[in-house]
Amino acid sequence: MNETQRQSLLGAIAISSGAAGFGNITPQQRSDAFTNLEQFKSYPGRVAACVEMIGCSSLQIAGGAGNAPSDVTVPGKLYALGVIQEFLKVGYNSLNESDRGQLRSSIVLAARQLAMPVNGSSIKMNDSTRILAVKIAALLADLALREFPQRWQTFVSDLFSPVSNGGIWCEAGADAGGNTTGVKISLECLKLITEDCTDSDYNARISTTRRNDILLGMNEMSKLMLPPLFELLSKQYGDVNNAKSTLLAMNQYLASNGRTVVQMAPDERAEYQQQIDRRDAAGGIVANVLGTLENFCQSMPLDWMFKIENGVDFIAALLHLLKEDVADIQGLSIACLHMLSMRKLDQNQWFRLISSLPPALFEASNAAAQRANERGIEPNSIDMLVEQLKFHRSLSKMGSTLVTAHLAHITTDKDISSGSGAKFDAVSSYLRLLSEMMSHPSGVICGSQINTWVGLLRDPAIVRTNVLSPHLGRVLTAYMNHIVKIRWEDVWEQEHPYSALIDASWDDDEEYNDWLGNLRSKTSQLFRSIGNTEPEIAATAIHSKICTLLNAHCNGEPRDRLNPENNELTMKSTACLQLEGAAQPLDNILNGLPSWSIDDGNYDEKRNRIRSIVRPLLSEVANMIVSWNPNDIWLKFRRTTLLEALKHYWKHEPSTLPTGVDSLLLYLSAKDNPPRERLSEDVVGLRKKCGISLVAVSKIVPNLLVPWLSQLSDRAKTLLTSGGLSPINEMHLYEFLSCVATAVENPVDRSNFVADVLANSIRSIECPDVQNSIQSTEGLLSFMGISQAATNPRCVTDPEFVKKVTRDFISLFSSFNQLLSVGKRCHEAAKKRPNGGLPLQNLSPVIDANNMAQNFPDEGPVSIIDLAINDPFVPLWPRLLPTLLQVLDVTLRVWHPEFQATLLRNNIQRYALAISDDEAYLATKQESSVGGVFGKGGTAGSIVSGTDRRDINLTPKWSGWFNELRNNCFQLLGLLCSSRVIYAPELSSLFPRLVSILTSQEHLRSMEHRHFNQCLKQFIEMLMLSCPVTLYQSHLTPILGPIFEHLQFRFQYSWGPILGTGGLSVNSTNPLFSGNCAEAANQLANQLASGGAESWLISYYARGGLFVGDLDSVTGEAMVEKTRVELTRTFSDMIQTVLALKGGWALVLANKAKEEQAVRKNDPTKLFSVPKSQVNATSGPTNADGTKRTLLQVHLDARKMLRIDKLCHFLLLENEQIAGYLVLTLIQCLQYPDAYTCRRCTRIVHRVLETVAWADRYTEILGYRLFSVAVKAIITELKWMVGIEWDMINIIRDIYGRLVLGQYFLPGGQGLGLQQNRDPSNPMHFEQTKVVNKPLQGGGILQTPSDFPRRILMEIGMSQGDIVTLEQNLVEKRSAKEQKETFRDLLRVAAEKTKGQNGLLERAGEEESLLHQYTRKPEVTALPEKLVTYTMVKKKEEKNAGSDPSDGPWHGNLF
């Protein structure tokens, strides 16, 4: 590049950077300058030109203001360095050794020029120098990544030698500032190299070999790097202290003369500022060193930090620096220690830290107090707490991590276990430090430690020692204080005593609320654990808390934040907030207390002593809560939560139980003071909470309430006849009574009582008005006020009419809801009985859970009389079911095309078919700040514009009513199945009616996706899981056949527009809105008149059947997407559940595998093991999920095991309609762009292959249709498939192995391909597997190899020779990894041919695609030179020295 070109380049740099003297630049000149700079980047001689530029001490260009030369040194060198850095990525590997050396030398020379000490240089580094230094450091790091250590063996000496010796390091004893520029370059360079080589993401930028070579080289050269770093750290920290001492002396001198800093003379001020600059500059160097050390602490060998050699001790330095606040040195020191705490420290290293930290922090605390005194403020003042919050927060986090990551060092040490010795004292002192830190006023400090204390309390080995006991009192008190909610208005208004500290701890109230919710969820376990571990400490703490609160706030003192209408407390009153914070610890502590600390049993002396302390304390707490009688509604609410918490105490000591329950029943009818015509939200909330509390208490202690059952029943009747209870209050009351009733021993009395409790509900649904209204769809529409809106639109807002219709509907719905709630409670209680709900009086003591041929007496039709022995709700079904079926039938008819065509035309009636505001809200991104449906950002009033269900208007209520009614019907049918009443002989006459309703083609086709979703989830799944094996043909076949056939049809047209099939565009997925629904209704009417509505159904499924009213288009489209994916996800989850791939049946298989492992390894302890994430708190055998395993569980598992085996066979091999449509639907689901559905369907497909691969009639559907879908999914590299490609390739492997190669696999397509031999009598066939009829053990294969998969491979471009080679490889290499990688390499070739053929769905890029995972080459590749270090040579010599001399090198010990 000649001088003219050089000046042109510098001119372009000057213009683009806005250099001085180039102010009046036209846009064209600026554009030309940018163009020239971009073109230069492709100039062949650019590297040499840039090397020349960075080697110049200055870059000047003529043509500035007055034609004076302008300096462009900094922008010129930055541009040159940038060009070189880009060249390193693309062209560096093509350079020869000489060019690489010259380039490297030029960069080092540029760094040395910048690091050269300048006489009179400023203490502060100017911005230009700093920017250049950072750029040069990045370039040096890039070069080192490519050259060090094999080719750049002088790298360390180039960095750490002083400038006078040819390096870039500062001279010994140099002060901070301009003389330490080279230091900053070196530190930044080391930092970048460490990050790139130890990045946890391990991206593809640097090859693994290269990364390892660099790290080995750095470790080899650590003895040359670490001493200069430590020396620099010591020197600069000394300068910081000297400058601070000088400043202190100056301040004292001024004070002695009665002057301040403001009154200094000019020369004094200059000297004062110089000391400040010197302090800050030296502190900046220390901070830079610590920043590099932080990376070392994170990833480099621990000996770098922990080894003490020649006075170099980084750990001691880091601990000492904890007291220095200049340039956040103490924070950076904590960061280094935090990185070390997350490493796997050995016991000596860990004990060194925990024994050294307390005294170091004591010194740091004294230093902070001294600084505060020097400033004339209190050490513990708010200002100091705010100033040190970041340090304290980091310290708490680091301190807790140091314990959490090394619990094994506590559990395995004998001194700690014995409770004495130096190590025990060190751990105890360290835990005392952590617990004392939690007294900090900011909750974020103790929030950082919650996981640590929970982890300590979960470890039984630690709990058995005495190391925790002295500290748990402080821990418990701290968390009980901090879970009390802060009133954020006090922070805004600066009324809170710690407003400034709280404001510094959290950005806003939303962040605080999220933090508080997280803390409360974690402290629940903490409180339970402390209660279980140290009942005396827990009882004392909660007793003190409750007594203090009730004494201070029993009457609402200080009675602030009052409601101006009635002068009562509000939710934000101080008393309410404080009492609210006590309910959670009380509940969890009482729940965690061991029974021996409260009951009347006879235990050892220690337990009896603890019980003598705990029982009186808890008795006083219970009596105080029960006897407390507040007047304010919100205090009653808080008392209710405290009463509910006592349920765990009442299990063992029920003396106050009747009074407590009586109080809850009294509050159930609470009223406003003064009375109001309509109850306030506060009273409604209190009543609702009382109902929930009653149910909660009755579920824990139902047997203790049985003696008062008649009184409770009378009290309930009084409340119900009073007419003042809301439907939800009535439901809670029914649930409460039913829970108590389940504890009655006599089955007949139990059933009679439940029937008596629900008599009103049964009478309500049997009354003539209800029965007449549900005889037809028109009657139901009239019952809900919809028909009347056609002739009298104003009636929907008429108060009297609205009140009547609402009352009538609530009567019907509440009756069903009460029946459902009580039925569920009775069914849950039945499963907890000694026989597990099985209709058998006695269970045999021995059972073979693995015997599939055994018969169970209850595995078939069981009469209602026998079922009622366990479930008192069962006798009500003959009266309930006819009405239930009729309601479901007429409700589903509302969505028939003829009714839709009528209703959608009417401006008011159409909203009966709409979604509800609540459903629209669930389709949006929900944030806590929105405040729910009725919040500021909620969706209330978005369906029926301007009105919602709370208004006196029927229109927005209809959609919610239909949802509730339909959902209730399906849930009741699910309960009918799970309680096995549907199979009872007494209901056999009603079963055809049930089948006709659920399989009616009109009903099935007219249901929206959301309706069908409820049917699958709440009924069909329950039906398949609960059906006895002997009744599959009679009860499953008539329902599942039509259901699965319709599902295949519905899925096809629901996803068609998304896949670009079916003839509909993507726009067809838009829902119906108020603006276009009338037009759609007219089209539907015309199609009905012409004899069919097939085309309407296709568009109906495309939009999920949704009519969204006045909802905005964005939320409407989100709603359609939500309903579409939810339907396929529900289907896949349902099939997974019934095929034992998830849920309770999957646990049965896991238990079986656990038992087989124990037998195979001859290790009975396996039966007692629990998951690693769980502490075994039970004795005896356990389930695979860690729960206790009982004889009852064995009986239940045996029946489930039988159903698992038979149901899979039934679904896939016994009925062509069910099996065919089920498998076709599963194949379809693999194509739908929803990763959730696809991943789960891959697991189901494996089970299908294990079950039916041997059957010839499945060969075409599996070998051609399924195989082609799986292959297409891989070679088209769809973006939504990223992350599940291996699952799909495993399907390809499973199909090819079973249908072509005669290989079968472990369940789920796992493990080695097990090759079957050829049949000796027919070499063209394979021998069948021994487990062909046992899909759970691997299943079978197709004996006659199929050519269908081979045809698919040939269709994607493979030759016959390629297929032969493929099959040879698959037979020779049968491990799962090798076979899947073989298919991946094969399909990559086919994928290359399909590029550019994308459809509607986006294709994954090469950086995302699994097929190209190993084709991506790293930017920094491995060097051809093999790395040989001095350490390697020494190790080899030591190894050879101990071997036979005859095996050594020929030269012996010559060298």
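So, here is what we can say about the structure in this document. (Residues numbered from 1 in each chain as written. Predicted model: local features only at pLDDT ≥ 70, side-chain atom pairs only at ≥ 80, totals over all residues. Heavy atoms only, no water.)

### Examining the overall build of the protein
Looking only at helices and strands, the protein has 65 helices and 8 strands in total. Its C-alpha atoms give the protein principal-axis dimensions of roughly 105 × 90 × 80 Å. Taking all 1455 residues of the protein together, the buried fraction comes to 53%. Here the analysis covers contacts within the protein between residues at least 6 apart in sequence; of these, 74% occur between residues at least 24 apart. Of the roughly 63,200 Å² of accessible surface on the protein, 51% is carried by carbon and sulfur atoms. (Helix = DSSP H or I, 4+ residues; strand = E, 2+ residues; numbered from the N terminus. Buried < 20%, exposed > 50% of the residue type's maximum accessible area, 1.4 Å probe, protein only. Contact = heavy atoms within 4.5 Å. Areas by Shrake-Rupley, 256 points an atom, 1.4 Å probe, with all protein chains shown as cover.)

### Observations regarding the packing of aromatic side chains
Summed over the entire model, instances satisfying the criterion amount to 29 aromatic pairs. Each ring, one from F1051 and one from Y1232, has its centre 6.4 Å from the other, and the planes form 80 degrees; the classification is edge-to-face. One end of the pair, F1051, is in helix α52 (residues 1032–1059); the other, Y1232, is in the loop between α58 (1216–1229) and α59 (1235–1252), with 181 residues separating them in the sequence. Residue F1051 is classed as buried on the basis of its relative accessible area of 0%. (Phe/Tyr/Trp six-rings, centres within 6.5 Å; stacked < 30°, edge-to-face > 60°.)

### Focus on helix α53 (residues 1077–1089)
Taking 1.5 Å per residue as the helical rise, α53 with its 13 residues ought to reach 18 Å, and the 18 Å between its terminal C-alpha atoms agrees with that figure. Contacts made by the buried residues of α53 are with α46 (897–903) and α54 (1094–1102). After α53 finishes, the residue G1091 shows a positive phi value of roughly 110 degrees. (Expected span 1.5 Å × (residues − 1).)

### Here's the deal with the pattern of salt bridges
Considering all chains together, one arrives at 58 salt bridges under this definition. The partner of R949 in a salt bridge is D918, and the shortest N-O contact between them spans 2.5 Å. Within this pair, whereas R949 is found in the loop between α47 (917–922) and α48 (955–978), its partner D918 is found in helix α47, the two being separated by 31 residues in sequence. Through salt bridges that share partners, R100, R104, E147, R151 and E1425 make up one connected network. (Salt bridge = Lys/Arg side-chain N within 4 Å of Asp/Glu carboxyl O.)

### Description of a negative patch on the surface
On the surface, a cluster of negative charge is made up of D503, D507, D508, E510, E511 and D514. Per element, the largest residue contribution to the negative patch is 3 residues, and it comes from helix α27 (residues 509–533). Structurally, E510 can be placed in helix α27. On the accessibility criterion, E510 (33% relative accessible area) is partly exposed. (Patch = residues over 30% accessible without salt bridge, like charges linked within 9 Å, V, L, I, M, F, W, Y side chains within 5 Å. Lys, Arg positive; Asp, Glu negative; His and termini not counted. Charge placed at Lys NZ, Arg CZ, Asp CG, Glu CD.)

### Concerning the pairing of strand β6 (residues 1310–1315)
Note that strand β5 (residues 1303–1306) and β6 share 3 bridges and pair antiparallel. What sits directly across from Q1303, in β6, is Q1315. Two successive antiparallel strands, β5 and β6, enclose a turn made up of 3 residues, where G1308 displays a positive phi of approximately 85 degrees. (Pairing = 2+ DSSP bridges.)

### Some words on the side chain of T1251
You can see T1251 is positioned in helix α59. Beyond its immediate stretch of four places on either side in the chain, T1251 contacts C1208, L1212, L1213 and P1335.

### Quick notes on unusual backbone geometry
Residues E557 and P558 are joined by a peptide bond in cis, for which omega reads 5 degrees. Position of P558 relative to the elements: it lies in the loop between α28 (535–553) and β3 (562–563). A positive phi is found at Q494, a non-glycine position, where the angle reads about 60 degrees. Structurally, Q494 can be placed in the loop between α25 (488–492) and α26 (499–505). Within the chain, R559 stands out as a residue other than glycine whose phi angle is a positive 50 degrees. Mapped onto the elements of the fold, R559 is located in the loop between α28 and β3. Judged by relative accessible area, which is 31%, R559 ranks as partly exposed.

### Regarding the packing of helix α24 (residues 469–482) against α27
Interhelical geometry of α24 versus α27 gives an angle of 145 degrees and a closest axis separation of 10 Å. The two elements α24 and α27 cross, and the hand of that crossing is left-handed. Of the residues in α27, those in contact with L472, V475, L476, Y479, M480 and H482 of α24 are W515, L516, L519, T523, L526, F527 and I530. Of the residues assigned to the contact of α24 with α27, the class counts are 11 nonpolar, 2 polar and no charged. (Axes fitted to C-alpha atoms, helices over the stretch in contact; angles between N-to-C directions. Left-handed = near helix turned anticlockwise from the far one by under 90°. Nonpolar A, V, L, I, M, F, W, Y, C, P; charged D, E, K, R; others polar.)

### Quick word on the nonpolar core
The biggest cluster of nonpolar side chains holds 435 residues, and the ones touching the most others in it are F873, W877, F1044, F1131 and L1211. No other element matches the 12 residues that α52 contributes to this core. Residues within four places of L1211 in sequence aside, it is in contact with M1024, L1040, F1044, V1138, L1139, I1218, A1219 and L1222. Formed by 6 residues, the second largest nonpolar core is a distinct cluster that contains M250, L254, M264 and Y272. (Core = buried A, V, L, I, M, F, W, Y, C linked by side-chain atoms within 4.5 Å.)

### Describing the packing of helix α14 (residues 329–341) against helix α17 (residues 389–404)
Relative to each other, α14 and α17 sit at 15 degrees, their axes nearing to 9 Å. Here α17 runs roughly parallel to α14, going by the angle between their axes. Note on packing geometry: the crossing formed by α14 with α17 is left-handed. Along the contact surface, α14 presents Q330, G331, I334, L337, H338 and S341, while α17 presents F391, S394, L395, K397, M398, T401 and L402. Per-class residue counts for the contact of α14 with α17 are 6 nonpolar, 6 polar and 1 charged. (Parallel < 35°, antiparallel > 145°, perpendicular 65-115°, else oblique.)

### Some points on the environment of R259
Position of R259 among the secondary structure elements: in the loop between α10 (222–256) and α11 (266–299). The exposure class of R259 is partly exposed, given its relative accessible area of 25%. For R259, the contacting residues outside a window of four places in its chain are Y253, L254, M264, A265 and E268.

### Re a nonpolar patch on the surface
A contiguous nonpolar surface patch, about 310 Å² in accessible area, is contributed by L216, V1428, M1432 and V1433. Residue position: V1428 is located in the loop between α64 (1376–1393) and α65 (1430–1441).

### Digging into helix α30 (residues 605–627)
Counted at 1.5 Å a residue, the expected span for α30 with its 23 residues is 33 Å, and the 33 Å between its end C-alpha atoms agrees. Buried within α30 are the following residues: I610, R611, V614, L617, L618, V621, A622, M624, I625 and V626. Turning to α30, the residues buried within the fold contact α28, α29 (574–592), α31 (633–645), α32 (647–650) and α33 (657–667). Of the residues that open α30, the one with a side-chain oxygen 3.1 Å from the backbone nitrogen of K606 is D604. (Polar contact = N/O pair within 3.5 Å; in protein donor to acceptor, adjacent residues only side chain to side chain.)

### Details of the pairing of strand β8 (residues 1322–1326)
Relative to β8, strand β7 (residues 1318–1319) runs antiparallel, the two sharing 2 bridges. Residue R1318 lies in a different strand from β8, and its bridge partner there is F1326.

### A word on the state of the cysteines
Evaluation of the coordinates by the stated rule reveals 0 disulfides. C826 takes part in no disulfide bond, and the closest cysteine sulfur, belonging to C739, lies 7.8 Å away. C1077 takes part in no disulfide bond, and the closest cysteine sulfur, belonging to C795, lies 19 Å away. The buried category is assigned to C1077, whose relative accessible area is 0%. (Disulfide = S-S within 2.5 Å.)

### Some words on the environment of P359
Along the chain, P359 falls in helix α15 (residues 347–375). Overall, the relative accessible area of 44% leaves P359 in the partly exposed class. When the C-alpha positions of P359 and E1250 are compared, they lie 65 Å apart, and in sequence the two are 891 residues distant.

### A short note on the environment of G1063
Turning to its location among the elements, G1063 is positioned in the loop between α52 and α53. On the accessibility criterion, G1063 (77% relative accessible area) is exposed.

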